[in-house]
Amino acid sequence: MAGDSKIVEANRDTYNDGRLKVFDLASMKRHNKFMAEYMLCFSSKNQGDAIVDRNLKINATEDVDPDTPIEDVSTNWDKSSSKLLDFACGAGNMTKYLSPFAKNVVGVDISPAMAKAYKERTGHEGYACNIVEESNPAIGNDFDFIVCTMSYHHIEDLGLVTKKLSEKLKSGGWLYVMDMDSTNPNSTMGQLMKTAAAQKHDNHSHSHSHSHSHDHAHSHDHGHGHSHGGGGDSLEEAAEKIGVAHAHGISPEGMVKMFENAGLTNVAVDRGIQVQVWTPVEEMRALTNAAEDETFDLFEKDDKGRCDLTFAMLLAAGMKP
Ligand SMILES: C[S@@+](CC[C@H](N)C(=O)[O-])C[C@H]1O[C@@H](n2cnc3c(N)ncnc32)[C@H](O)[C@@H]1O
């Protein structure tokens, strides 16, 4: 849309129908289910210091079954009354795990393809809009819970978005954001982003360079030195091309500041949450659009040849007074 930033445009471009397959991957669903469970249980464990290092490492490949619903967790969500907004909802994986704990659920995403898929896949209303620019009366301001997972790093003006989300909570409602922790060095997401951006760069050079032969374009991108960084870009430049504004994630201190500036209280950040997902090469291909297995040499492998995809996460929480 006219006036949208480059990052917003890049997100709409990246999160098109072709991206839907990613939401069906077992590795992604394992991560989604872990996050859903973590948020459901969060309120009961956080007291005291604003930032707590949980020093937690989860092997989601062994410990999380993506195909069963979440059961038996102690939570203050109320399925007879809680209203949930799944912000930057993608195709609705988080809603699938969380909706048994809420009465009303709504999804919002910048990408029309995702909002449509969300509605089709979850049966809940999904709106495509830019929440900082459009005030959609159908999206109320009386939510008990707003969740946003793995999407803050896609958003440029996080302070503004956090304020908007805070406005949509009812008094006593909670905002939960889970994303990559920029202060945790254990993440392998940087490799993933560079691979995906390089692939996008390749695809664009193929489709935009009609005068070049296939071989020419190919050797330009995969030639000497095997540049896998979106044509040799820095991580930040490569990430921007696929709609990532914060390639290294967000800092726990930054989250506390943003949540407090948005008027939220009881602000708490859990850091030191490492989720390791051993991801088969077929799934890595779908995640990055990379065709050649050697692209994944960057990743450590287990004895089954699966790649180490480690999400170094934080959870930020705050309550509307
Ligand atoms: C990595 S996906 C995460 C989806 C989902 N939350 C999950 O955990 O499965 C990032 C999503 O953020 C959306 N997004 C990016 N920028 C956005 C913005 N400014 N407002 C709303 N959604 C946005 C993208 O379209 C995409 O669906």
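With an unreviewed UniProt entry as reference, the protein is termed Methyltransferase type 11 domain-containing protein, source organism Trichomonascus ciferrii.

### Re the overall build of the protein
Secondary structure assignment for the protein yields 11 helices and 8 strands. For the protein, the residues scored as buried account for 55% of the 321 residues in total. In the protein, 77% of the contacts between residues at least 6 apart in sequence involve partners at least 24 apart. Accessible surface computed for the protein: about 14,200 Å², of which carbon and sulfur atoms make up 48%.

### Some thoughts on the sheet that holds strand β6 (residues 169-180)
The sheet built from 8 strands is open, its strands ordered β1-β7-β8-β6-β5-β2-β3-β4 with mixed pairing. Only two strands of the sheet have a single neighbouring strand rather than two, namely β1 (51-59) and β4 (125-128). When the angles between neighbouring strand axes are averaged without regard to direction, this sheet yields 20°. Relative to strand β3 (residues 104-109), strand β2 (residues 83-87) is paired through 5 bridges, and the arrangement is parallel.

### Description of the site of the ligand
For the ligand, the set of nearby residues contains 18 residues, the closest of which are Y15, A88, D109, I110 and T149. Within the backbone of A88, an N or O atom sits 2.8 Å from a nitrogen atom of the ligand. Note that an oxygen atom of the ligand is positioned 2.6 Å from one of the side-chain N or O atoms of D109. Expressed as a share of its isolated accessible area of 600 Å², the protein-covered part of the ligand is 93%.

### Some points on the pattern of salt bridges
One pass over the full model with this rule turns up 12 salt bridges. Two residues, K164 and E167, come together in a salt bridge whose shortest N-O distance is 3.9 Å. Taken together, the residues K164 and E167, both in helix α6 (residues 158-167) and 3 residues apart, mark about one turn of the helix. Judged by relative accessible area, which is 24%, K164 ranks as partly exposed. Overall, E167 belongs to the partly exposed group, its relative accessible area being 47%. If you follow the salt bridges from partner to partner, you end up with D53, D181 and R271 in one network.

### With respect to helix α5 (residues 112-122)
Of all the residues in α5, the buried ones are A113, M114, A115, A117, Y118 and T122. Buried residues in α5 make contact with β2, α4 (93-98), β3 and β4. Of the residues trailing α5, G123 is marked for its positive phi of about 80°.

### Looking at the packing of aromatic side chains
Across all of its chains, the model carries 5 aromatic pairs by this definition. Measuring from centroid to centroid gives 4.0 Å for W77 and F145, while their planes differ by 5°, and the two rings are stacked. Within this pair, whereas W77 is found in the loop between α3 (60-63) and β2, its partner F145 is found in strand β5 (residues 143-149), the two being separated by 68 residues in sequence. With relative accessibility at 7%, the residue W77 sits in the buried group. Aromatic pair W174 and Y176: ring centres 6.0 Å apart, planes at 25°, arrangement stacked. Each member of the pair, W174 together with Y176, is buried. One aromatic cluster in this structure is built from F42, W77, F145, W174 and Y176.

### Some details on the state of the cysteines
Taken as a whole, this structure holds 0 disulfides when the rule is applied. In this structure C89 is not part of a disulfide, and its nearest cysteine sulfur, from C148, lies 9.7 Å away.

Conventions we followed
- Residues numbered from 1 in each chain as written.
- Predicted model: local features only at pLDDT ≥ 70, side-chain atom pairs only at ≥ 80, totals over all residues.
- Heavy atoms only, no water.
- Helix = DSSP H or I, 4+ residues; strand = E, 2+ residues; numbered from the N terminus.
- Buried < 20%, exposed > 50% of the residue type's maximum accessible area, 1.4 Å probe, protein only.
- Contact = heavy atoms within 4.5 Å.
- Areas by Shrake-Rupley, 256 points an atom, 1.4 Å probe, with all protein chains shown as cover.
- Pairing = 2+ DSSP bridges.
- Axes fitted to C-alpha atoms, helices over the stretch in contact; angles between N-to-C directions.
- Near = heavy atom within 4 Å.
- Polar contact = N/O pair within 3.5 Å; in protein donor to acceptor, adjacent residues only side chain to side chain.
- Salt bridge = Lys/Arg side-chain N within 4 Å of Asp/Glu carboxyl O.
- Phe/Tyr/Trp six-rings, centres within 6.5 Å; stacked < 30°, edge-to-face > 60°.
- Disulfide = S-S within 2.5 Å.

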